[in-house]
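Fold and contact review
Read off the chains here:
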Amino acid sequence: MDELSPIIEKVQAGEHLDFEDGMILMSSRNLSLIGSLADHVRKTTVGDRVMFVTNCHINYTNVCISKCKFCAYFREEGQKGGFTLTIDEIMEKAENASKMGATELHIVGSLNPKLPFEYYEELLLRLHEKYPAISLKAFTAVEIAHLADTTGMSAKEVLMRLKRAGLTGLPGGGGEIFNEVTRKKVCPDKISGDRWLEVMETAHGLGIKSNATMLYGHIETDLDIVDHILRIRKTQEKTHGFQAFIPLKFHPDNTELQKNGLVKFGPTGYDDLKIIAISRLLLNGYVNNIKTYWVMAGEKMAQIALHFGANDIDGTVMEERITHAAGGATPEFMPKERLIHLIRNAGRMPVERTTNYEVIREY
Ligand code: V47
């Protein structure tokens, strides 16, 4: 309690927490106090509404040159199990999603050197033309940087062309963990944390909003976590373009990190709740929406996270490959009625939102 007293005072006075506060929170074992503080901040900033979106995830390829050590989803070029969807195949998935009432397509893949820029552009153009009311939240900052590097365009040009083709916003993937030393160990061939933030800053400057993620529960340290969240905060101070922060729970099965023996177990429930709560506390006044992604957090933990600072539970999803390749045991689809039930049962008001957090309907 004593160690947390100055933090409680700061939170009550509406002051921003700093790096040292973050480190104290990370080393504290007083989860219930941290959780109630985060819940208090959630209540006073965003109230009792819990946001969800009717969406569909589409993974267009798993062929990747990045070979991240936490990823069980990718395949190397020519390796068994590699796939790349044609635009027609994606259109079919979009048709199903549209019939099920999706308002958002979340489209991400991997760094497939065989796919030309025209594939990405034509995909958005065709989707936007056929489903103008569906938001296209597509391609992570890592994919955007890859397109810039392989075409010789700047990230700004890539983003401008994709925006013209129908891009609504960027998902938050690829953030992983920014600290250079740790990042080099878990994803040595991925763009740096600084470049990830730069691409996001460029997108925000063009009016393209995005999310931000952080992968936790592998080999990162407490310092890495606090540093990551504060770097997001610093960019947000300049751009105000991050709509949600999403801590992603590492799933170790079938990953290099597990095969190497570097990670034996994934994060525990204690870690999940603590990270959500500390995210809410450190991002207070910067990023309003803290999302618990039920696919990775698990249905039950996502529901409890709503009492530890989260106010968004993501969406119906419909099909998910990244977590499931790494041992995820959640279903791939959550009917809207079930999301509503989970939220209501946690004592909160379910609110269906658009990609850009406009309210569609309160339940
Ligand atoms: O960038 C990869 C992570 C991310 C594993 O913006 C893993 O609304 C856990 O970013 N265990 C992709 N995580 C998912 C993502 C996301 C999901 C939902 C909503 C949004 C949003 C974004 O998944 C990757 C990486 O950080 N990931 N492998 C794994 N084994």
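Residues numbered from 1 in each chain as written. Predicted model: local features only at pLDDT ≥ 70, side-chain atom pairs only at ≥ 80, totals over all residues. Heavy atoms only, no water.

Inspection of the region around the ligand gives 24 residues, with Phe70, Lys137, Gly172, Gly174 and Glu176 positioned closest. Measuring from an oxygen atom of the ligand, one finds a backbone N or O atom of Gly174 at 2.8 Å. Note that an oxygen atom of the ligand is positioned 2.4 Å from one of the side-chain N or O atoms of Glu176. Out of a free accessible area of 620 Å², the ligand has 95% covered by protein chains. Going through the elements one at a time, strand 6 (209-216) and strand 7 (242-249) are the ones with two or more residues in the shell around the ligand. Across the shell around the ligand, the residue classes break down as eleven nonpolar, eight polar and five charged. (Near = heavy atom within 4 Å. Polar contact = N/O pair within 3.5 Å; in protein donor to acceptor, adjacent residues only side chain to side chain. Areas by Shrake-Rupley, 256 points an atom, 1.4 Å probe, with all protein chains shown as cover. Helix = DSSP H or I, 4+ residues; strand = E, 2+ residues; numbered from the N terminus. Nonpolar A, V, L, I, M, F, W, Y, C, P; charged D, E, K, R; others polar.)

Turning our attention to the nonpolar core. Most often, soluble globular proteins have nonpolar side chains that are buried together. Among the nonpolar cores identified, the biggest contains 119 residues, and Leu105, Phe139, Leu162 and Trp196 are the most heavily contacted of them. Top contributing element to this core by residue count: helix 12 (residues 269-283), with eight residues. When sequence neighbours within four positions are dropped, the list of residues in contact with Phe139 reads Tyr60, Ile107, Val108, Tyr120, Leu123, Leu124, Ile144, Leu162, Leu170 and Pro171. (Core = buried A, V, L, I, M, F, W, Y, C linked by side-chain atoms within 4.5 Å. Buried < 20%, exposed > 50% of the residue type's maximum accessible area, 1.4 Å probe, protein only. Contact = heavy atoms within 4.5 Å.)

Our focus in this paragraph is helix 16 (residues 336-345). Inspection of helix 16 places Leu339, Ile340, Leu342 and Ile343 among the buried residues, and these make up the whole buried set. The arc enclosing the buried residues of helix 16, seen along the axis, measures out at 160 degrees, which places them on a common side. More than 90 degrees from the buried face of helix 16, the exposed residues found are Glu337 and Asn345. Buried residues along helix 16 sit in contact with strand 1 (49-53), helix 13 (294-297), helix 14 (299-305), strand 9 (312-315) and strand 10 (349-353). Following helix 16 by one or two positions, Gly347 adopts a phi angle in the positive range, close to 85 degrees. (Arc of directions from axis to C-beta.)

As a further point, take the pairing of strand 3 (residues 104-108). Counting buried positions along strand 3 gives five out of five residues, so the element sits mostly inside the fold. Both faces of strand 3 are covered, namely the face carrying Glu104, His106 and Val108 and the face carrying Leu105 and Ile107. Sheet topology note: the strand 2 (residues 55-59)/strand 3 ladder contains five bridges and is parallel. Residue pairing across strands places Cys56 opposite Leu105, the latter belonging to strand 3. With respect to chirality, the unit in which strand 2 leads through helix 4 (residues 87-99) into the neighbouring parallel strand 3 is right-handed. Pairing of strand 3 with strand 4 (residues 135-138) involves four bridges; the strand directions are parallel. Paired with Leu105 across the two strands is Leu136, which belongs to strand 4. In terms of handedness, the path from strand 3 via helix 5 (residues 117-130) over to strand 4 forms a crossover that is right-handed. (Pairing = 2+ DSSP bridges. Right-handed = clockwise from strand over helix to strand, strands pointing away.)

You can see His204 is positioned in helix 9 (residues 193-205). Given the relative accessible area of 10%, His204 is considered buried. At 3.3 Å, the side chain of His204 and the backbone oxygen of Gly241 are in polar contact. If sequence neighbours within four positions are ignored, His204 has contacts with Lys209, Ser210, Thr239, Gly241 and Phe242.

A few words now on the environment of Asn254. Along the chain, Asn254 falls in the loop between strand 7 and helix 11 (256-259). Residue Asn254 is classed as partly exposed on the basis of its relative accessible area of 47%. As for Asn254 and Pro267, which are separated by 13 residues in sequence, their C-alpha atoms are 16 Å apart. For Asn254, the residues in contact, after removing those within four places along its chain, are Ala72, Lys259, Ala325 and Ala326. At a separation of 2.8 Å, a polar atom in the side chain of Asn254 contacts the main-chain carbonyl oxygen of Ala325.

Across all of its chains, the model carries 29 salt bridges by this definition. Put simply, Asp18 and Lys10 hold a salt bridge, and the shortest N to O gap is 3.4 Å. Asp18 gets classed as partly exposed once you look at its relative accessible area, which sits at 31%. In this structure, Lys93 engages Glu319 in a salt bridge whose closest nitrogen and oxygen atoms are separated by 3.1 Å. Of this pair, Lys93 sits in helix 4 while Glu319 sits in the loop between strand 9 and helix 15 (322-325); the two residues are 226 residues apart in sequence, bridging distant segments of the chain. Taken together, the salt bridges that share partners define one network made up of Asp39, Arg42, Lys43, Asp48 and Arg348. (Salt bridge = Lys/Arg side-chain N within 4 Å of Asp/Glu carboxyl O.)

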